[in-house]
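# Results of the structural survey
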Amino acid sequence: MSLEMLVREAPSQYIHHDQLFKQLIHTFFAEFLEAFFPEVHHYIDFSFIKPLSEEVFTDLFEGESKRADIVIEAKVKGTDSLIIIHVEPQSYGQSDFNERMYHYFGLLYNRYRKPIIPIAIFSYDEKRVERNDFSISFPFFHVLSFHFLMLELRKLNWRNFIHSNNPAAAALLSKMGYSLKERVQVKKEFMRMLAKMEINPAKMELIIGFFENIFNLK
């Protein structure tokens, strides 16, 4: 089946933002880290990767249940040490998101008692300045400082990724910073990237489904 046919037949179930990101990152976890967090990628032994059950927390900020969808147990390269990697996609701006990340960090640590690498993916188009830290202090005492890694897709130059064979980078071109005039070129470069990849049809369909749904929403 040609790439053009796969694009036209991309399945309709790739609709919900969180589900799209969850499927993409679970399928291409190593590739995602390699493209956007190479320092983490270098640290991980990918022969042992274990997705954990979806964590349902009571959201103290919105008063409802919230799933921490991407929670993965991994092994540190060259050791037997296990860590948790939590990836939180965020599709809209939220003033207290940094506090939310700390809340999830605490809940995950209380459950698993393992070191945690927290990562936030900001995929909205709104221009915002995001914080990747949360702290509590008094004039007389500093209680804590919490930091997390973050990926602000709209601030990335899509041209920096088009020579890569990385499937996660190809899919996420759809949310990177490009103008309306560049949309056609972005789509062409995405197709060129796909043509160079040697992956099975199911994974190819996932990449195309993600790109098409996200690209058409911008």
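Scroll up to find the structure.
Attention in this report is confined to the structure presented alongside it. (Residues numbered from 1 in each chain as written. Predicted model: local features only at pLDDT ≥ 70, side-chain atom pairs only at ≥ 80, totals over all residues. Heavy atoms only, no water.)

## A few points about the overall build of the chain
Each helix and strand in the chain was counted, giving 8 helices and 9 strands. Out of the 218 residues in the chain, the part that is buried amounts to 45%. Of the contacts formed within the chain by residues at least 6 apart in sequence, a portion of 65% connects residues at least 24 apart. Accessible surface computed for the chain: about 11,400 Å², of which carbon and sulfur atoms make up 52%. (Helix = DSSP H or I, 4+ residues; strand = E, 2+ residues; numbered from the N terminus. Buried < 20%, exposed > 50% of the residue type's maximum accessible area, 1.4 Å probe, protein only. Contact = heavy atoms within 4.5 Å. Areas by Shrake-Rupley, 256 points an atom, 1.4 Å probe, with all protein chains shown as cover.)

## Some words on the side chain of Lys175
Structurally, Lys175 can be placed in the loop between helix 6 (167–172) and helix 7 (183–196). For Lys175, a relative accessible area of 9% puts it in the buried group. At a separation of 2.7 Å, a polar atom in the side chain of Lys175 contacts the main-chain carbonyl oxygen of Ser123. (Polar contact = N/O pair within 3.5 Å; in protein donor to acceptor, adjacent residues only side chain to side chain.)

## Concerning helix 3 (residues 29–36)
Where helix 3 is concerned, the buried positions are Phe29, Phe32, Leu33 and Phe36. Buried residues of helix 3 fall within an arc of 95° about the axis and therefore sit on the same side. (Arc of directions from axis to C-beta.)

## Some thoughts on the pattern of salt bridges
By the definition in use, this model includes 8 salt bridges. As a salt-bridge pair, Lys114 and Glu73 come within 3.5 Å of each other at their nearest N and O atoms. One end of the pair, Lys114, is in the loop between helix 5 (97–112) and strand 6 (116–122); the other, Glu73, is in strand 4 (residues 70–76), with 41 residues separating them in the sequence. By relative accessible area, which is 7% here, Glu73 ends up buried. Between Arg128 and Glu126 there is a salt bridge, and its shortest N-O distance comes to 3.9 Å. The exposure class of Glu126 is partly exposed, given its relative accessible area of 43%. Among the ionic contacts, a cluster of salt bridges with common partners joins Glu126, Arg128 and Glu130. (Salt bridge = Lys/Arg side-chain N within 4 Å of Asp/Glu carboxyl O.)

## Observations concerning the pairing of strand 4
Along strand 4, 6 of the 7 residues are buried, which leaves the element largely enclosed by surrounding structure. As defined by bridge partners, strand 1 (residues 44–51) adjoins strand 4 across 5 bridges and the pair is classed as antiparallel. Along strand 4, the bridge assignment pairs Pro51 with Ile72. Here strand 4 pairs with strand 5 (residues 82–90) via 6 bridges, running antiparallel. Within the sheet, the bridge partner assigned to Ile70 lies in strand 5 and is Val87. Hairpin connection from strand 4 to strand 5: 5 residues lie between these consecutive antiparallel strands, with Gly78 at a positive phi of about 80°. (Pairing = 2+ DSSP bridges.)

## Let's talk about the packing of aromatic side chains
Scanning all chains against the criterion turns up 14 aromatic pairs. For the ring pair Phe32 and Phe36, a centre distance of 5.7 Å and an interplane angle of 50° mean the geometry is tilted. One end of the pair is Phe32 and the other is Phe36, both in helix 3 and 4 residues apart, which spans about a single turn. Its relative accessible area of 12% is what places Phe36 among the buried residues. (Phe/Tyr/Trp six-rings, centres within 6.5 Å; stacked < 30°, edge-to-face > 60°.)

## Here we look at the environment of Phe48
In this structure, Phe48 sits in strand 1. Look at Phe48 and you get partly exposed, because its relative accessible area is 28%. Other than its neighbours up to four places away in sequence, Phe48 contacts Glu73, Ala74, Lys75 and Leu82.

## Notes on a nonpolar patch on the surface
A cluster of nonpolar side chains, Ile136, Phe138, Phe140, Phe141 and Val143, forms an exposed patch at the surface whose accessible area comes to about 530 Å². Counting residues per element, the ones that place at least two in the nonpolar patch are strand 7 (133–138) and strand 8 (141–147). Tracing the backbone through its elements, the reader meets Phe141 in strand 8. (Patch = residues over 30% accessible without salt bridge, like charges linked within 9 Å, V, L, I, M, F, W, Y side chains within 5 Å.)

## Points about the nonpolar core
Of all hydrophobic cores here, the largest spans 49 residues; its most connected members are Phe32, Phe36, Ile85, Leu172, Leu173 and Phe190. Mapped by element, the contributors of at least two residues to this core are helix 2 (17–27), helix 3, strand 4, strand 5, strand 6, helix 6, helix 7 and helix 8 (201–217). A per-element tally of this core places helix 8 first, with 8 residues. Each residue touching Leu172, except ones within four places of it in the same chain, is listed here: Phe21, Leu24, Phe32, Phe36, Leu153 and Phe210. The next biggest cluster of nonpolar side chains, apart from the first, holds 9 residues, and it includes Ala120, Tyr124, Phe146 and Phe148. (Core = buried A, V, L, I, M, F, W, Y, C linked by side-chain atoms within 4.5 Å.)

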